[in-house]
Amino acid sequence: MPKQQPKTEAAAAGDEFADVKELGYEEARDELARIVSTLEAGSVSLEESMRLWERGEALAKHCHTWLDDAQERVQRLTGDEPADD
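Residues numbered from 1 in each chain as written. Predicted model: local features only at pLDDT ≥ 70, side-chain atom pairs only at ≥ 80, totals over all residues. Heavy atoms only, no water.

A. Representation of the packing of helix 2 (residues 25-41) against helix 3 (residues 46-78) in the model. The interhelical angle for the contact between helix 2 and helix 3, taken along N-to-C directions, is 150°, at an axis separation of 9 Å. Compared by their axis directions, helix 2 and helix 3 come out roughly antiparallel. Once helix 2 is placed against helix 3, the crossing between them reads as left-handed. When helix 2 is examined against helix 3, the residues Tyr-25, Ala-28, Arg-29, Glu-31, Leu-32, Ile-35, Thr-38 and Leu-39 are found in contact with a partner set consisting of Ser-49, Leu-52, Trp-53, Arg-55, Gly-56, Leu-59, Ala-60, His-62, Cys-63, Trp-66 and Leu-67. For the contact of helix 2 with helix 3, the per-class residue count stands at 12 nonpolar, 4 polar and 3 charged. (Axes fitted to C-alpha atoms, helices over the stretch in contact; angles between N-to-C directions. Helix = DSSP H or I, 4+ residues; strand = E, 2+ residues; numbered from the N terminus. Parallel < 35°, antiparallel > 145°, perpendicular 65-115°, else oblique. Left-handed = near helix turned anticlockwise from the far one by under 90°. Contact = heavy atoms within 4.5 Å. Nonpolar A, V, L, I, M, F, W, Y, C, P; charged D, E, K, R; others polar.)

Take a look at the structure:
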């Protein structure tokens, strides 16, 4: 049986985690918190840890996008200028 090659980060984020885009903010945040707890516990294999890490990255990016969009909407509604980061 041939050894399975690891996926590139781009391929993993693009295909394997496409479902992340369908999650609401709270769902994504809660799943990310569960992943962090699992990784901190150290109770999974290295391969599973890497898969969880990559999914966590996709979830964190999704949450960040939700928060950025919410901030933009609030700024539009209140007429505030965007803050310099």
